[in-house]
Amino acid sequence: MDYITTYKKIHFTPLNPRQEDILIEDIAHALSLMSRANGHFPTFHSVAQHCIECCEEALARNLGTRISLACLLHDAGEAYLADITRPVKKNLPRYRSIEDNLLDAIWKKYLGGITPEEQQQVKLMDDTLLYYEFYHFMGEELMEKPFITAVPDFPELPFRTVEKRYLELFHDLYGKLNRKTEEKTQTVNGIELICSGDFTPCGHNIRGVLFDMDGLILDTEKLYTRFWQEAAHCLGYPMTKEQALGMRSMNHMEGEARMKSYFGPDTPYREIRSKRIELMDAFVEKEGVYLKPGIHELLDYLKKRGIKTAIATSSPMDRTVKYLSSVHMEKSFDAIVTAYMVEKGKPEPDIYLHAARVLDLEPGDCLALEDSPSGLTAAYRAGCLPVMIPDQDQPSKETRKLLFAKADRLDLIPQLIEEISR
């Protein structure tokens, strides 16, 4: 047998690594469970923690996105080979050759390769943290004391906490690295290819499409707007349509803060929200919900192309399934993810990171289709390619800064995918 089976069930061949088999989830998971110093530190300190500390030191020194990401990945080969102590490793030239080849494959996948000068900067961060680790844990100085912007506390952390932080850093840096710095708007077959902020307009391998539900798949966002207003009026708060639009797709904490910014700190957000649910449920029970145009055509295209799909919605699972079932769409997607499955809802990135993870995809390989600023912010922060399908309003100047593209209808998305895949 010439392969290992990874955390994500990939049969990985360390002696002949293929880029498509390298997954950041495997790397983050394995490194978070591996101990530094072959387990001889008094408390557990993982290889992933060391990589995070190297990355954060590079960021503190303003070394740039590439060097910071390289620091995060500099021990990634150990996820597939395990580590060997430096005194032994220097006497194993064949092992070092295998390790270098594997790390080159990882750096090529995520950085397009790395220069000798960049490697020197990464080694400087590695050695710096090595010194402070040994001084902290063992009281031993391995070399002359190097400069550091801030000495880490080296806390003992649960591996899941470290794994999550590693992935957050990766997606933030990798997303920035693969974006441009200016908005360059193009019109492609009726689609506005905005490429705002840092996005590149072509060469994308779209492997997944992540869907918001309300206002995108279902024509329900206007109901939220209506019943936020009616519920607020019932309790004596004259909410405008513009204020109701500002509540779209927000998690409870963000929604409560937004409403109190409208009407003051004593606003009974939970009572208004409960009344909104009561009124909207009664309406939907009587009138039903309707699909937005183009969803069937888009799903047919994605299925033919082998592109995975997931819903990423702020609605709870029971309501999501109920609404989708009413229009016979409950089995039309590969996965359904709700904000109730993650720590923080939109506009935080958790829901899109989780949806991509459920599909075994990188967020950067996924289009995220949204109609609201809150949802687009979440998609952007997760490192997806945010595409707005306007529902009740057009993007503001600030929202445009988050967009990869804008399309008037769902059935235009196949054209977008074809164009950006060139």
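Before reading further, recall that the structure is shown in the block above.
Keep in mind the model is a prediction, meaning the values are calculated, not measured. (Residues numbered from 1 in each chain as written. Predicted model: local features only at pLDDT ≥ 70, side-chain atom pairs only at ≥ 80, totals over all residues. Heavy atoms only, no water.)

Q: Account for the pattern of salt bridges, naming residues and giving values.
A: Pairing is possible between side chains of opposite charge, provided their charged atoms come close. Enumeration over the complete set of coordinates arrives at 26 salt bridges. Among the ionic pairs, K346 bridges to E370, the shortest N-O distance being 2.7 Å. Note that K346 is positioned in the loop between β7 (335-338) and α15 (350-358) and E370 in strand β8 (residues 366-370), a separation of 24 residues in sequence. When salt bridges with common partners are traced through the structure, they connect D219, K222, K292 and D391 into a single cluster. (Salt bridge = Lys/Arg side-chain N within 4 Å of Asp/Glu carboxyl O. Helix = DSSP H or I, 4+ residues; strand = E, 2+ residues; numbered from the N terminus.)

Q: Describe in detail the packing of helix α9 (residues 221-234) against helix α12 (residues 269-287), supporting the description with residues and values.
A: Look at α9 against α12: their axes get within 8 Å of each other, and the N-to-C directions meet at 125 degrees. By the angle between their axes, α9 is oblique relative to α12. Handedness of the crossing formed by α9 with α12: right-handed. When α9 is examined against α12, the residues L223, Y224, R226, F227, W228, E230, A231, A232 and C234 are found in contact with a partner set consisting of Y269, I272, R273, K275, R276, L279, M280, F283 and V284. (Axes fitted to C-alpha atoms, helices over the stretch in contact; angles between N-to-C directions. Parallel < 35°, antiparallel > 145°, perpendicular 65-115°, else oblique. Left-handed = near helix turned anticlockwise from the far one by under 90°. Contact = heavy atoms within 4.5 Å.)

Q: Report on unusual backbone geometry, specifying residues and quantitative values.
A: Of the consecutive residues K346 and P347, the connecting peptide bond is found in the cis state with omega at 15 degrees. Summarising the element assignment, P347 is placed in the loop between β7 and α15. A positive phi angle, close to 50 degrees, is found at F154, a residue other than glycine. Along the chain, F154 falls in the loop between α7 (116-138) and α8 (159-177).

Q: Let's hear about the state of the cysteines: which residues, and what values?
A: Throughout the structure, instances matching the rule amount to zero disulfides. Of the cysteine sulfurs around C51, a residue in no disulfide, the closest is that of C54, at 6.4 Å. Judged by relative accessible area, C51 falls into the buried class, the value being 0%. (Disulfide = S-S within 2.5 Å. Buried < 20%, exposed > 50% of the residue type's maximum accessible area, 1.4 Å probe, protein only.)

Q: Run through the nonpolar core, naming residues and quoting values.
A: Ranked by internal contacts, the top residues of the largest apolar core, which has 52 residues, are F211, L367, L369, I413 and L416. Tallying contributions element by element places α9 first for this core, with six residues. For F211, the contacting residues outside a window of four places in its chain are L216, I217, I295, L298, L299, L302, T309, A310, I311, A312, F333 and L369. Formed by 50 residues, the second largest nonpolar core is a distinct cluster that contains I22, A28, Y80 and I148. (Core = buried A, V, L, I, M, F, W, Y, C linked by side-chain atoms within 4.5 Å.)

Q: So, the side chain of T377: which residues are in play, and what are the values?
A: Secondary-structure assignment places T377 in helix α16 (residues 373-382). By relative accessible area, which is 18% here, T377 ends up buried. With sequence-adjacent residues up to four places away left out, T377 is seen in contact with P347 and L402.

Q: Explain α7 to me, and be specific about the residues and the numbers.
A: Between the first and last C-alpha of α7 there are 32 Å, a value that for 23 residues agrees with the 33 Å anticipated at 1.5 Å per step. Just past α7, the residue G139 takes up positive phi, approximately 65 degrees. (Expected span 1.5 Å × (residues − 1).)

Q: So, the side chain of D350: which residues are in play, and what are the values?
A: Checked against the element boundaries, D350 lands in helix α15. Buried D350, no salt bridge; nearest opposite-charge side chain is K164, N-O distance 4.2 Å. Residues within four places of D350 in sequence aside, it is in contact with K164, V342, E343 and K344. (Lys, Arg positive; Asp, Glu negative; His and termini not counted.)

Q: Can you tell me about the pairing of β8, naming the residues and giving the values?
A: Summarising burial for β8: five of the five residues are buried, a large majority. Here β8 shows no split at all, with C366, A368 and E370 on one side and L367 and L369 on the other all buried. By the bridge criterion, four bridges tie strand β5 (residues 208-211) to β8 in an arrangement that is parallel. Following the sheet pairing, V209 is matched in β8 by L367. Pairing analysis gives four bridges linking β8 to strand β9 (residues 385-388), with the strands arranged parallel. Across the sheet, the residue bridging to E370 is M388, located in β9. (Pairing = 2+ DSSP bridges.)

Q: Residues and numbers for the packing of α12 against helix α14 (residues 317-326), please.
A: The geometry of α12 relative to α14 is characterised by a closest axis approach of 13 Å and an angle of 20 degrees between their N-to-C directions. It follows from the interaxial angle that α12 and α14 lie roughly parallel. Of the two elements, α12 crosses α14, and the hand of that crossing is left-handed. Contact with α12, carried on its side by R276, I277, M280, D281, V284 and E285, involves R319, K322 and Y323 of α14 and no other residues of that element. Broken down by class, the residue content of the contact of α12 with α14 amounts to four nonpolar, no polar and five charged. (Nonpolar A, V, L, I, M, F, W, Y, C, P; charged D, E, K, R; others polar.)

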